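Structural overview for review
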Amino acid sequence: MVASIYFVQDMSGSMDVIRQATVNSCNEYLTGLKRDSTLGQCLFSLLVFNSLIGNNQVISKVPIAIVNPILANEYKPDSSTPLLDAILTAVTDLEREDGKVLLIIQTDGLENSSVRATMSQVVKLLKDKTAQGWQIVFLGCGPDATKMGQ
């Protein structure tokens, strides 16, 4: 059973053209998670990121059953995209957790400002975590998200 759900949401400027679709898909995914009776005791965290705010954990270890939907006025895309750094932050945070992990990354796949992580480091890290039993899901809102998911 999954114990921790960690949602990483791209809030960079390139997401502005798909702002409403991003909010809607996040909330739809969240609703689906809440309906899954096996996830009732899971703790949910949400990290949003861009180069202006860095990695901002707006929800930290809240029972999934009481997580509210994301409001459109709370999601304000801006600046560039340190996607790899955000993934590294999420994995580092999750390594401290006990139990199974579900890591969800919502992005258009563009990467243009990471300074702490490289693509090869993140790919290896995600492969290692998958081999350890982590579930990793990419929610794509653009054509480059498929490339990133690979």
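Residue positions are given per chain, counted from 1 along the sequence in the order it is written. Residue-level local features of this predicted model are given only where pLDDT is at least 70; pairs of side-chain atoms are given and counted only at 80 or more, and the full residue set underlies all totals for whole chains, interfaces and linings. Heavy atoms from the whole structure form the basis of all side-chain values; hydrogens and water molecules are not counted.

1. Remarks on the overall build of the chain
Counted only if it meets this: For helices the rule is a DSSP run of H or I covering at least 4 residues; for strands it is a run of E covering at least 2, with both sets numbered from the N terminus onward. In this setup the radius of gyration rests on C-alpha atoms only. A globule is expected at 2.2 Å times the number of residues raised to 0.38. Residue burial is assigned from relative accessible area. The probe radius is 1.4 Å, only protein chains are included, and a residue is buried under 20% of its type maximum, exposed over 50%, and partly exposed in between. A contact between two residues is defined here by any heavy atoms of the two lying within 4.5 Å. Under the convention used here, a 1.4 Å probe and the Shrake-Rupley method define accessible areas, while residue burial counts only the protein chains that appear. Just so you know, the count uses Lys and Arg for positive and Asp and Glu for negative, and it drops His and the chain ends. Where a charge lies is defined by one atom per residue type: Lys uses NZ, Arg uses CZ, Asp uses CG and Glu uses CD.
Scanning the chain for helices and strands turns up four helices and five strands. Each helix and strand of the chain, ordered N terminal to C terminal, gives the series β-α-β-β-α-β-α-β-α. Whereas a compact globule of 150 residues would reach a radius of gyration of roughly 15 Å, the chain reaches 14 Å, a difference of no more than 12%. Each principal axis of the C-alpha distribution contributes one length, and for the chain these read about 35 × 35 × 25 Å. Taking all 150 residues of the chain together, 42% fall into the buried category. Within the chain, counting contacts between residues at least 6 apart in sequence, those at least 24 apart form 82% of the total. When the accessible surface of the chain is split by element, carbon and sulfur atoms take 53% of a total near 7,500 Å². Across the chain, 12 positive and 15 negative side-chain charges occur, with their mean positions spaced 4 Å apart.

2. Some remarks on the pairing of strand 3 (residues 54-63)
Inclusion rule: For two strands to pair, DSSP has to find at least two bridges joining them.
Of the strand pairs in this sheet, strand 2 (residues 43-50) and strand 3 are connected by seven bridges, and their pairing is antiparallel. Bridge pairing in strand 3 places Phe 44 opposite Val 62.

3. Thoughts on the nonpolar core
Within soluble globular proteins, side chains that are nonpolar generally end up buried alongside one another. Rule in force here: As used in this record, nonpolar core signifies buried Ala, Val, Leu, Ile, Met, Phe, Trp, Tyr and Cys residues forming a set joined through side-chain atoms within 4.5 Å.
If you look at the biggest cluster of nonpolar residues, it comprises 23 residues, and the most contacted ones within it are Ile 5, Phe 7, Leu 33, Phe 44, Leu 46, Ile 64 and Ile 104. The set of elements that each furnish at least two residues to this core consists of strand 1 (2-10), helix 1 (19-35), strand 2 and strand 4 (100-107). Among the elements that take part in this core, helix 1 stands out by supplying four residues, more than any other.

4. Points about the sheet that holds strand 5 (residues 135-140)
Note the following rule: Axis lines are fitted to C-alpha atoms, over the contacting stretch for helices. Their N-to-C directions set the angle, which ranges from 0 to 180 degrees.
Taken in spatial order, the five strands line up as 3-2-1-4-5 in an open sheet, and their pairing is mixed. Either end of the sheet is taken by a strand with one partner, and the two such strands are strand 3 and strand 5. The average undirected angle you get between the axes of adjacent strands in this sheet is 15°. In this structure, strand 1 lies alongside strand 2, joined through seven bridges in parallel fashion.

5. Observations concerning the packing of aromatic side chains
The line we're drawing: Geometry of aromatic contacts follows a simple scheme: Phe, Tyr and Trp rings, the Trp one being its six-membered ring, pair when their centres are within 6.5 Å, and the pair is stacked under 30 degrees between planes, edge-to-face over 60, tilted otherwise.
Applying the stated rule across the entire model yields two aromatic pairs. When the centroid spacing of 6.5 Å and the interplanar angle of 65° are considered together, the rings of Phe 7 and Tyr 29 count as edge-to-face. In this pair, Phe 7 is assigned in strand 1 and Tyr 29 in helix 1, connecting sequence segments 22 residues apart. When the centroid spacing of 6.4 Å and the interplanar angle of 45° are considered together, the rings of Phe 7 and Phe 44 count as tilted. Placement of Phe 7 in strand 1 and of Phe 44 in strand 2 is noted, with a sequence separation of 37 residues between them. For the pair formed by Phe 7 and Phe 44, the shared burial category is buried. Three or more aromatic residues joined by ring pairs form one cluster here, namely Phe 7, Tyr 29 and Phe 44.

6. Some remarks on helix 3 (residues 119-131)
In plain terms, the rule: Here a helix's expected span is defined as the number of its residues, less one, multiplied by 1.5 Å. In this context, the arc is that of the directions from the helix axis out to the C-beta atoms.
Relative to the 18 Å expected for 13 residues at 1.5 Å per residue, helix 3 spans 18 Å between its end C-alpha atoms, a close match to the ideal helical length. Within helix 3, the full set of buried residues consists of Val 122, Leu 125, Leu 126 and Lys 129. Looking down the long axis of helix 3, one finds its buried residues gathered within 95° of arc, a one-sided arrangement. Turned more than 90 degrees from where helix 3 packs its buried face, Ser 120, Lys 124, Lys 127 and Ala 131 sit exposed. Phi turns positive, to about 105°, at Gly 133, one or two residues after helix 3.

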